[in-house]
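What follows is the residue order along each chain.
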Amino acid sequence: MLAAYAARIDADQPLAALEVGDLEVASTPGGALVPGDWVEVEVRAAALNHHDLFSLQGVGLPARACPMVLGCDAAGVTADGDEVLVHAVINDPSFTGPDSTADPRRSLLSERYPGTLAERVRVPRTNLIAKPAELSFAEAACLPTAWLTAYRMLFTQSGLRPGNTVLTQGAGGGVATALVLLARHAGLRVWVTSRSAERGERAVRLGAHAWFPSGERLPERVDAVMESVGAATWSHSINSLKPGGAVVICGTTSGAEPAKAELTKIFFKPLRVIGSTMGTQDELTDLVSMLVSTGLRPVIDSTYPLADARDAFARLESGAAFGKVVLAAE
Ligand SMILES: NC(=O)c1ccc[n+]([C@@H]2O[C@H](COP(=O)([O-])OP(=O)(O)OC[C@H]3O[C@@H](n4cnc5c(N)ncnc54)[C@H](OP(=O)(O)O)[C@@H]3O)[C@@H](O)[C@H]2O)c1
């Protein structure tokens, strides 16, 4: 079947490791290991994430696992004709807790099992969520990674309540645009930073109350910071918080080793540092309900057919995208 896959690993030039072409999934290590009650979904739309670039660079994907179909996010149709979204967190069969993200043996689609940037994907039946008719396949495909992560950061982890001020580091990314829209709809005062005036201003048009150039001192301190940029913004995040504030971190796009860890400020102010990763199936279900009841929809930067996945990856890698890059029939 047609798929966009990591044929190899290239830490410096991730797109050099990308192939778009026919791949028999059964020939991949993941395909050979698919256990019991898995179902096949015909993919109607899939969304790209920074995770896919990291995979091509070998972050979380060892060379021995290649070729590996990329992609965590999909919406499609089952053999029974049900329209579904796919929850990308694959738990170890032995895991029984209520929070699927707490499973130390979990993986995301495309790490151990073939991902969603393909004509078909196989997932555990329990990972399927009904797609409401109100959402297009492309909109639904944006939700399982970036939007779910933003939802959990804001509503499960942060301790924020309406009226508080939240700063999102970065403006244009998939997680960042989701954070802006969700936070605005939840009654928060929403601030963002960006390296680009154009993306900062677009975030304001989207719903942020103000944007600031990356690293600029804010007019006042905030209740919480949503951090996914990592090394480049960590110090600014810590310095931007009120005493008792929280930084919720889900990623390290610019690197994981900040020049200053700011440990003294963290204990002296004192602050809370909260790690967050993906979300549970219940949170994804609630996110879908929120979109249906509010009319809120993901920002889609651009849409490409699967055969043009290389162009889609180039758009994501450029850093110029605003919102999600999606693969779907146009
Ligand atoms: N833990 C999880 O479960 C989880 C889930 C989803 C994502 N993530 C992580 O969250 C991060 C964002 O993911 P995404 O898919 O939203 O990525 P993306 O679409 O590529 O967005 C990258 C974002 O980083 C911002 N940024 C600011 N300074 C940067 C710098 N120096 N270098 C690079 N980027 C900078 C960009 O904002 P401006 O260009 O406007 O400055 C943009 O908002 C990634 O690290 C990803 O792995 C983690």
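Residues numbered from 1 in each chain as written. Predicted model: local features only at pLDDT ≥ 70, side-chain atom pairs only at ≥ 80, totals over all residues. Heavy atoms only, no water.

Per an unreviewed UniProt entry, the chain carries the name Zinc-binding dehydrogenase and comes from Microlunatus elymi.

Of all residues adjacent to the ligand, which total 26 residues, the nearest are His-50, Ser-194, Arg-199, Thr-253 and Met-278. Between the ligand and Ser-194 there is a distance of 2.7 Å, counted from an oxygen atom to a side-chain nitrogen or oxygen. The contact in question runs from an oxygen atom of the ligand to an N or O atom on the side chain of Arg-195, over 2.8 Å. Considering the ligand on its own, with 920 Å² of exposed area, one finds that the protein chains cover 86% of that surface. Given that more than half its atoms are within 2 Å of the pocket grid, the ligand belongs to the largest pocket. For the shell around the ligand, the secondary-structure elements that each account for two or more residues are helix 2 (50–56), helix 4 (143–157) and helix 5 (174–185). Class assignment of the residues belonging to the shell around the ligand gives a composition of eight nonpolar, 16 polar and two charged. Looking at which domains feed residues into the shell around the ligand, each of domain 1 (2–142 + 298–328) and domain 2 (146–275) supplies at least three. (Near = heavy atom within 4 Å. Polar contact = N/O pair within 3.5 Å; in protein donor to acceptor, adjacent residues only side chain to side chain. Areas by Shrake-Rupley, 256 points an atom, 1.4 Å probe, with all protein chains shown as cover. 1 Å grid on protein atoms, 1.4 Å probe; cavity = no way out; pocket = protein on both sides within 12 Å on 5 of 7 lines; lining within 4 Å. Sits in = over half its atoms within 2 Å of the grid points. Helix = DSSP H or I, 4+ residues; strand = E, 2+ residues; numbered from the N terminus. Nonpolar A, V, L, I, M, F, W, Y, C, P; charged D, E, K, R; others polar. Domains from an automatic or database assignment.)

One open sheet holds the three strands; their spatial order is 2-1-4, and the pairing between them is antiparallel. Both edges of this open sheet fall to strand 2 (18–22) and strand 4 (68–69), since each of them pairs with a single strand only. Where strand 1 (residues 2–6) meets strand 4, two bridges bridge the pair, whose relative direction is antiparallel. Bridge pairing in strand 4 places Ala-6 opposite Met-68. (Pairing = 2+ DSSP bridges.)

Reported here for the largest pocket is a volume of approximately 1,200 Å³. Contributing to the lining of the largest pocket are 47 residues, with His-50, Phe-54, Val-175, Ser-228 and Thr-253 lying nearest its centre. Going through the elements one at a time, helix 2, helix 4, helix 5, strand 12 (189–194), helix 10 (309–318) and strand 18 (324–328) are the ones with two or more residues in the lining of the largest pocket. Of the residues in the lining of the largest pocket, the class split is 17 nonpolar, 25 polar and five charged. Among the domains, domain 1 (2–142 + 298–328) and domain 2 (146–275) are the pair contributing at least three residues each to the lining of the largest pocket. (Points joined across faces, edges and corners; volume = space filled by probe spheres on them.)

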